[in-house]
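Read off the chains here:
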Amino acid sequence: MGEQLHRDKPWIFRTYAGHSTAAASNALYRKNLGKGQTGLSVAFDLPTQTGYDSDYPHAKGEVGKVGVPISHIGDMRALFDGIPLGEMNTSMTINATAAWLLALYVALADEQGVPRTKLTGTTQNDIIKEYLSRGTYVFPPAPSMRLTKDVILFTTKEMPKWNPMNVCSYHLQEAGATPVQELAFALATAIGVLDAVKASGACAPEEFGDVVGRISFFVNAGLRFVTEICKMRAFTELWDEITRERYGVSDPKQRLFRYGVQVNSLGLTEQQPENNVARILLEMLAVTLSKKARARAVQLPAWNEALGLPRPWDQQWSLRMQQILAYETDLLEYGDLFDGSPVIAAKVAELKQAAKEELRQIEAMGGTVAAVESGYLKQQLVESNSRRVEAIERGELTVVGVNRFIESEASPLANAADAVLTVSEEAETDQIKQLNAWRAARDNDAVAVALAELRKAARSGANIMPPSIACAKAGATTGEWGFALRAAFGEYRAPTGVGTAMRNDAEGLDDIRAEVDRVSKKLGRRLKFLIGKPGLDGHSNGAEQIAARARDAGMDVVYDGIRLTAEAIAAAAAEKDVHVVGLSILSGSHLPLVQDVIARMKEAGVDDVPVVVGGIIPPQDASALKDAGVAEVYTPKDFELNRIMSDVVRIVEEAADATE
């Protein structure tokens, strides 16, 4: 018994979950909590994340795919049915519309009679990384930062246990960030937000320490786990220095680097996917072994996320990994294992020095917002990701089962029937039916009054939270909130980070360039490749790498970034007179979206232009896409970009020969 007294409390166990409908997600949450999960991590669908109702044209095909659709407080009630908000630690992965989802959560807590002071959890609310990696931004950087500031000021006063912002370096690593970039870009974001709160004059100096103390971080841990341990120790030391020296925070508790983690999904492989179990476990060690830099909350991906949406059993397996480490091992009985290690100390010092240099550079540009608007941060990520992809292609970076040790037995896990979860088509139609019923039953006059107050606050600069909560209680919808703010702030298209100039240092492209030149001569002009991302999926890493490689191979590349309509892609194909269209979709909405683009291309008179598609696409869906007229389908296993470039050249040549 004595031994138990000395054990540290484990971190919060979470799984990132939500899909189809609020009721289906609620059932999943209750099941996971019953299995020993100790906190919720809510995944919202793309229309909810980008401020659209489920029946808005842009939402077609995306409802319930990568998370749960929440269109109004009725959906929020269903999502948390039977889950007492006063006892739950809820993390919400929401950014551009964070103020709105928090308003719905607060309105529901008010309904339940739960004091706001008891609510614990986190709104992600880091808009900067949305411009750089995840792509669910809506408004320009300045008003987006204002919304983040409003949430911070509101929660500091009304919800003192709530973390109003999770500064996210997780998605930066997913987009190719090196450890130094992850450190510097995340800390620059935190500095930008805290500077905005300070400059607002709405926070009394004696309250500023509370604001700093509630800022949390959401980080990534990759497979180079010694480096990752050192990165986490560097994060804790740098944050302590910044909060003490820049902001004068004297309370050491308020200077603590408090973070949650999801370990790296970028490194999960479609080939030999059972290897992902070992990867996930090793990555978890990076954020738990070091007591001084241990995560406060951990959520792990599932072994099959490179194949599709994980099933409840897959999520359970990841949860059990956490529980075995916390309860079966003796990790939590010891102090810090790395204190006094010269190897660790030297690596931490090296990372801190490099991160400080990068921070100085961002500061010299005018801070994180200026570094986003200039395209500097995005360009850095695209380039570092290119180097990572090239190293895998050349075999300099070993990925087991992908570019080395590729002989394999058939996987009984991956090849099993229903190895991933699929979201039914009825989920979207049911959600829209319920949304229409909601609009018909509510007091539309009360909604109109609440929305008028919201618009007034957006224009005047008043805190957005009180009128948002009033809108939630009146029955306003996510789309109505989103369009009220679009009217005040406008919309934004972030820089793509893909330059037009061919890289001189790209290796191994001579043969491809020769083929591009040969076929271009045959066509009578430079081979032109349009890369489009239809729908609301903002994960653009793949599209960016294809665009950059096609450019370096000598093609004329048209890439206008994320979240394009099918009509816009078809119109660009016609107007720019392209030879091939490449579509990238990672949200699971590939079937309806690709069929829509092909139909629009037919209407625009460019149905003779071949289409290739990339994404997380199961084999049966790949067959359906080819039946619909797609020339080639690529999935995460197709890591050799030069081979894809050769395919594209061949497909263009065959299409040209067929029309002669």
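Provided above is the structure to which this section pertains.
Quick notes on the rules
Residues numbered from 1 in each chain as written. Predicted model: local features only at pLDDT ≥ 70, side-chain atom pairs only at ≥ 80, totals over all residues. Heavy atoms only, no water. Helix = DSSP H or I, 4+ residues; strand = E, 2+ residues; numbered from the N terminus. Rg over C-alpha atoms; globule rule 2.2 N^0.38 Å. Areas by Shrake-Rupley, 256 points an atom, 1.4 Å probe, with all protein chains shown as cover. Lys, Arg positive; Asp, Glu negative; His and termini not counted. Charge placed at Lys NZ, Arg CZ, Asp CG, Glu CD. Pairing = 2+ DSSP bridges. Contact = heavy atoms within 4.5 Å. Axes fitted to C-alpha atoms, helices over the stretch in contact; angles between N-to-C directions. 1 Å grid on protein atoms, 1.4 Å probe; cavity = no way out; pocket = protein on both sides within 12 Å on 5 of 7 lines; lining within 4 Å. Points joined across faces, edges and corners; volume = space filled by probe spheres on them. Nonpolar A, V, L, I, M, F, W, Y, C, P; charged D, E, K, R; others polar. Parallel < 35°, antiparallel > 145°, perpendicular 65-115°, else oblique. Left-handed = near helix turned anticlockwise from the far one by under 90°. Buried < 20%, exposed > 50% of the residue type's maximum accessible area, 1.4 Å probe, protein only. Right-handed = clockwise from strand over helix to strand, strands pointing away. Expected span 1.5 Å × (residues − 1). Arc of directions from axis to C-beta.

With that settled, consider the overall build of the protein chain. A count of helical and extended segments in the protein chain gives 26 helices and 15 strands. The C-alpha radius of gyration computed for the protein chain amounts to 25 Å, which stays within 12% of the reference 26 Å derived for 660 residues, consistent with globular compactness. Reported as C-alpha extents along the three principal axes, the dimensions of the protein chain are approximately 75 × 70 × 55 Å. When the accessible surface of the protein chain is totalled, it reaches about 25,600 Å², and 53% of it is carbon and sulfur. With 71 positive and 86 negative side-chain charges, the protein chain shows a separation of 5 Å between the mean positions of the two kinds.

This brings us to the sheet that holds strand S3 (residues 40-43). Sheet architecture is open: 5 strands sit in the order S2-S3-S4-S5-S6, paired in parallel fashion. The open sheet has two edge strands with one neighbour each: strand S2 (16-17) and strand S6 (162-163). Strand direction decides the pairing type here: S3 and strand S4 (residues 89-93), joined by 4 bridges, are parallel. From the neighbouring strand, Ala-43 faces S4, where its bridge partner is Thr-93. The strands touched by helix H5 (residues 98-112) within the sheet are S4, strand S5 (120-123) and S6, with S4 carrying the most contacts at an inclination of about 150°.

A probe matching the size of a water molecule, rolled over the atoms, marks out where space remains unfilled. Here the structure, examined in full by the defined rule, presents 6 cavities of 30 Å³ or more. Its boundaries defined by the atoms lining it, the largest cavity holds a volume of some 120 Å³. Around the largest cavity, the lining is made up of 19 residues, and of these Tyr-131, Lys-378, Pro-495, Ser-540 and Ile-562 lie nearest the centre. The greatest single-element share of the lining of the largest cavity, amounting to 5 residues, is contributed by helix H6 (residues 128-134). The class makeup of the residues in the lining of the largest cavity is 7 nonpolar, 6 polar and 6 charged.

Turning next to the packing of helix H22 (residues 541-552) against helix H26 (residues 641-659). Two numbers describe how H22 lies on H26: the axes approach to 10 Å, and their chain directions differ by 70°. Taken as axis vectors, H22 and H26 run roughly perpendicular relative to one another. The element H22 and its partner H26 pack so that their crossing is right-handed. Contact residues: Gln-545, Ile-546, Arg-549 and Ala-550 in H22; Leu-641, Asn-642, Ile-644 and Met-645 in H26. Looking at the contact of H22 with H26 residue by residue, the class counts come to 5 nonpolar, 2 polar and 1 charged.

Burial of strand S13 (residues 580-585) is extensive: 6 of the 6 residues sit out of reach of the surface. Examined bridge by bridge, strand S11 (residues 528-532) and S13 share 4 bridges and lie parallel to one another. Note that in S13 the partner of Phe-529 across the bridge is Val-580. Pairing between S13 and strand S14 (residues 611-615): 5 bridges, direction parallel. Counted as the bridge partner of Leu-583 is Val-613 from S14. Where the polypeptide runs from S13 across helix H24 (residues 590-603) and back to S14, its parallel neighbour, the crossover connection is right-handed.

Let us now look at unusual backbone geometry. The backbone of Gln-272 shows a phi angle near 40°, a positive value even though the residue is not glycine. Inspection of the secondary structure puts Gln-272 in the loop between strand S9 (259-262) and helix H12 (275-286). With relative accessibility at 13%, the residue Gln-272 sits in the buried group. Despite not being glycine, Phe-405 has its phi angle at roughly 55°, a positive value.

Here we come to H12. Each full turn of the α-helix corresponds to 3.6 residues, which orients residues three or four apart in the same direction. Counted at 1.5 Å a residue, the expected span for H12 with its 12 residues is 16 Å, and the 18 Å between its end C-alpha atoms agrees. Among all positions of H12, only Asn-276, Val-277, Arg-279, Ile-280, Glu-283, Met-284, Leu-285 and Ala-286 are buried. Among the structural elements, helix H11 (225-245) and helix H13 (312-328) are those in contact with the buried residues of H12.

Further remarks concern helix H17 (residues 426-441). If you check H17, its first and last C-alpha atoms are 22 Å apart, about what 16 residues at 1.5 Å a residue would give, namely 22 Å. Within H17, burial applies to Ala-427, Glu-428, Gln-431, Leu-435 and Trp-438. Buried residues of H17 fall within an arc of 95° about the axis and therefore sit on the same side. The outward face of H17, more than 90 degrees from its buried face, is lined by the exposed residues Lys-433, Ala-440 and Ala-441. The inward-facing, buried residues of H17 contact helix H4 (73-79).

Here we take up the sheet that holds strand S8 (residues 215-219). With parallel pairing, 5 strands are arranged side by side in an open sheet as S1-S10-S9-S8-S7. At either margin of the open sheet sits one strand with a lone partner, and together these are strand S1 (12-14) and strand S7 (165-168). Direction aside, the axes of adjacent strands within the sheet are offset by 20° on average. Looking at chain direction, S7 and S8 are connected through 4 bridges and run parallel. Counted as the bridge partner of Asn-166 is Ser-216 from S8. Contacting S1 and strand S10 (297-299), H13 crosses the sheet at an angle of about 160° to S1.

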